[in-house]
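Topology and contacts: notes
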Amino acid sequence: MKKNYLILTFFLWMSFHLRAQTLNIEARLLNLPDVTFEKVISSRNSKITYKLKVKQPIDHADPKKGFFFQKVFLTHKGFDSPTVLIIQGYQANRNRIHEVTKLLNANQLNVEHRFFGESKPDSLNYKYLNLQQVTSDLHHIRMLFDKIYPTKWISTGISKGGSTTIFYKYFYPNDVDASISYVAPLTNSFEDKRIYKFLDSIGTKECREKIKKLQFRLLKSREEVVPILRQYSERAGWTFTYLSIEKAFEFAVLEYPFAFWQWGHSCDKIPNEESSLEETLTYFLRVDPISLFNDQLIERYGSHYYQAATEMGYYGYEIKDFKNLLFSLPVDTNPHATFLPNKMTVTFDGELLGKVHDWVQSKGNNFIFIYGENDTWTSCAVPENDTMDAEWFIMKGKHHGNARIKNMNDSDYKRICSTLERWLNLNIDR
């Protein structure tokens, strides 16, 4: 009986404590200017979670130009807990508890990127989609929650979100106590040619030859392949008007090595010459889906392509080995992997990239950079620098999707925990 009484008492206390926390955070949210919220009920976790709409100026330098509402998910742990700012590179369709949030037993603010998902003004003026405005959004959110969460702050992001994490600290170096950037490219130009060198050297020579042979086979079989892709796309409801299906096919073939290494595919599973064309095509679409080049995805990621083509830089496709097999794409220059909204014409400005490259080598303290050894984007990694109070983890055998703290070996895991404990002045329950 005594044991059952103690269990009941514990659950009653937990229920009371949770309700008190809920009422307390909601009262504080109500007092925030330009923020509305609704509670999110999720079966994935038992945390107190809210979907916020934060009013943001379209132009932080001139609020008279109008506003939009930015979607943010708040997961509340405690007012004395550290807070993790999740920087998304794209839309945030649902809230996920990040591994850093779990590691630090922290609050979490999961921020959808400006001009993606629900975080759009009524009319998109791409003039205001630049990294100064993007990081000002983050800074505004950070300042709004400063009094609610007055202890340690950590920013983190994955891929494009990881790159934005770097730019955020560049523009607002005092906003957070630590930054963790996952698989984040910091390119050096509009067409970062370090990627070509990476693709020419990663893995074994045998594997690279198998990749190239598959590309040659598909391009040589275009008369058979393209009609199959057209039927496949029609059944899926995809359209190809921004790019013709023929251009999309050639882009997909050129993209294949990039996607292969980015997502950690196995050389042993590449079809050989004895495999049927149907088997080869099925494999190819699994590794490098042609949907990446359909109208629907090009429109969805239009803001990303704009950022890549104007400020962030990106990549192209080296075609020197394929010129005689390309009939839809131009062969006088390497095709670029950006597809601008409405096929607008823009000019790339690399001034900010140059400044950030210099800054991160001289002032990039309290950064943790995590990369996968086999990830194509690691070719554009922030270079290691032992003069900075920063840590680099190049995870052996890992790729864009699994270079994560949870997959680190014991030595690296201990190093990242001890680094965060030192920077944040807390103890991590390991």
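Residues numbered from 1 in each chain as written. Predicted model: local features only at pLDDT ≥ 70, side-chain atom pairs only at ≥ 80, totals over all residues. Heavy atoms only, no water.

As for helix α13 (residues 410-424)
With 15 residues, α13 ought to run about 21 Å at 1.5 Å a step, and its terminal C-alpha atoms sit 21 Å apart, in line with that. Asp412, Ile416, Cys417, Thr419, Leu420, Glu421, Trp423 and Leu424 are the residues of α13 that are buried. Those residues of α13 hidden inside the fold are in contact with α2 (99-104), β6 (153-158), β7 (178-182), β8 (367-372) and β9 (391-395). Capping the start of α13 is the job of one residue whose side-chain oxygen sits 3.2 Å from the backbone nitrogen of Ser411: Asn409. In the stretch just after α13, Asn425 is the one whose phi turns positive, near 55°. (Helix = DSSP H or I, 4+ residues; strand = E, 2+ residues; numbered from the N terminus. Expected span 1.5 Å × (residues − 1). Buried < 20%, exposed > 50% of the residue type's maximum accessible area, 1.4 Å probe, protein only. Contact = heavy atoms within 4.5 Å. Polar contact = N/O pair within 3.5 Å; in protein donor to acceptor, adjacent residues only side chain to side chain.)

A short note on the packing of helix α3 (residues 131-144) against helix α4 (residues 160-171)
For the pair α3 and α4, interaxial distance at closest approach is 9 Å and the crossing angle is 75°. Considering the angle they form, α3 stands roughly perpendicular to α4. Here Leu131, Gln132, Val134, Thr135, Leu138, His139 and Arg142 of α3 come into contact with α4, specifically with Thr164, Phe167, Tyr168 and Phe171. Split by residue class, the contact of α3 with α4 holds 6 nonpolar, 4 polar and 1 charged. (Axes fitted to C-alpha atoms, helices over the stretch in contact; angles between N-to-C directions. Parallel < 35°, antiparallel > 145°, perpendicular 65-115°, else oblique. Nonpolar A, V, L, I, M, F, W, Y, C, P; charged D, E, K, R; others polar.)

A few points about the packing of α4 against helix α11 (residues 302-312)
Packing of α4 against α11 leaves a shortest axis separation of 13 Å and a crossing angle of 40°. Taken as axis vectors, α4 and α11 run oblique relative to one another. Considering how the two elements wind past one another, α4 and α11 form a crossing that is left-handed. Contact residues: α4 offers Lys160, Ser163, Thr164 and Phe167, while α11 offers His304, Gln307 and Met312. Split into classes, the residues belonging to the contact of α4 with α11 amount to 2 nonpolar, 4 polar and 1 charged. (Left-handed = near helix turned anticlockwise from the far one by under 90°.)

So, the nonpolar core
Soluble globular proteins: nonpolar side chains tend toward being buried together. Counting residues in hydrophobic clusters, the biggest one holds 61 residues, and the most contacted among them are Tyr256, Phe260, Trp261 and Phe284. Listing elements by their share of this core, those giving two or more residues are α5 (194-199), α6 (205-220), α7 (222-236), α8 (245-262), α9 (277-287) and α11. Here the element with the most residues in this core is α8; it accounts for 11 residues. Among residues more than four places away in sequence, those in contact with Trp261 are Phe198, Leu199, Ile202, Gly203, Cys207, Ile211, Cys267, Asn374, Asp375, Thr376 and His399. By size, the runner-up hydrophobic cluster in this structure holds 25 residues, among which are Leu109, Tyr168, Tyr172 and Val176. (Core = buried A, V, L, I, M, F, W, Y, C linked by side-chain atoms within 4.5 Å.)

Some thoughts on the pairing of strand β3 (residues 67-76)
Counting buried positions along β3 gives 8 out of 10 residues, so the element sits mostly inside the fold. Alignment of strand β2 (residues 48-57) against β3, held across 10 bridges, turns out to be antiparallel. Looking across to β3, one finds that Lys53 is bridged to Lys71. Bridge analysis of β3 against strand β5 (residues 107-111) gives 4 bridges, and the strand direction is antiparallel. Looking across to β5, one finds that Val72 is bridged to Val111. (Pairing = 2+ DSSP bridges.)

Notes on the packing of aromatic side chains
Taken as a whole and judged by the stated rule, the model has 33 aromatic pairs. Look at Phe251 and Phe293: their rings are 5.7 Å apart centre to centre, the planes differ by 15°, and that puts the pair in the stacked class. With Phe251 in helix α8 and Phe293 in the loop between α9 and α10 (295-300), this pair connects stretches of sequence that are 42 residues apart. Judged by relative accessible area, which is 1%, Phe293 ranks as buried. Aromatic rings pair up to connect Tyr242, Phe251, Phe258, Phe293, Tyr305, Tyr314, Tyr315, Tyr317, Phe339 and Trp377 into one cluster. (Phe/Tyr/Trp six-rings, centres within 6.5 Å; stacked < 30°, edge-to-face > 60°.)

Description of the side chain of Ser181
Mapped onto the elements, Ser181 comes out in strand β7. Ignoring sequence-local partners within four residues, the contact set of Ser181 consists of Gly157, Gly162, Ser163, Ile166, Ile368, Phe369 and Ile370.

Remarks on unusual backbone geometry
Despite not being glycine, Asn105 shows a phi value in the positive range, around 55°. In this fold, Asn105 is placed in the loop between α2 and β5.

Describing the confidence of the model for the protein chain
When pLDDT is averaged across the protein chain, the result is 94; 93% of the residues are at 70 or more. Taken together, the stretch residues 8-18 has pLDDT below 50 and engages in 1 contact with residues farther than four places along the chain or on a different chain. (pLDDT = per-residue confidence, 0-100.)

Describing the state of the cysteines
In this structure the tally under the stated criterion is 1 disulfide. The disulfide that involves Cys207 links it to Cys267, with 1.7 Å between the sulfurs. With the S-S bond torsion at -75°, the cross-link from Cys207 to Cys267 turns out left-handed. With Cys207 in helix α6 and Cys267 in the loop between α8 and α9, the pair connects residues that are 60 residues apart, well separated along the chain. Sulfur of Cys380: no disulfide; nearest cysteine sulfur belongs to Cys207 and is 20 Å away. With relative accessibility at 0%, the residue Cys380 sits in the buried group. (Disulfide = S-S within 2.5 Å.)

Considering the pairing of β6
The buried fraction of β6 is high, at 5 of 6 residues. Note: strand β4 (residues 83-87) against β6, 4 bridges, orientation parallel. Within β6, the position partnered with Thr83 by the bridge is Trp153. What joins β6 to β7 is α4, and the crossover it makes is right-handed. (Right-handed = clockwise from strand over helix to strand, strands pointing away.)

Quick notes on the sheet that holds β8
Paired through backbone hydrogen bonds, the strands of a sheet run either parallel or antiparallel to each other. Taken together, the 9 strands give an open sheet; going across it, the order is β1-β2-β3-β5-β4-β6-β7-β8-β9, and neighbouring strands pair in mixed fashion. Strands with a single pairing partner mark the edges of an open sheet, and in this sheet they are β1 (35-40) and β9. The sheet shows a mean angle of 20° between the axes of neighbouring strands, taken without regard to direction. Relative to β6, α4 is tilted by about 140°, and along the sheet it contacts β4, β6, β7 and β8.

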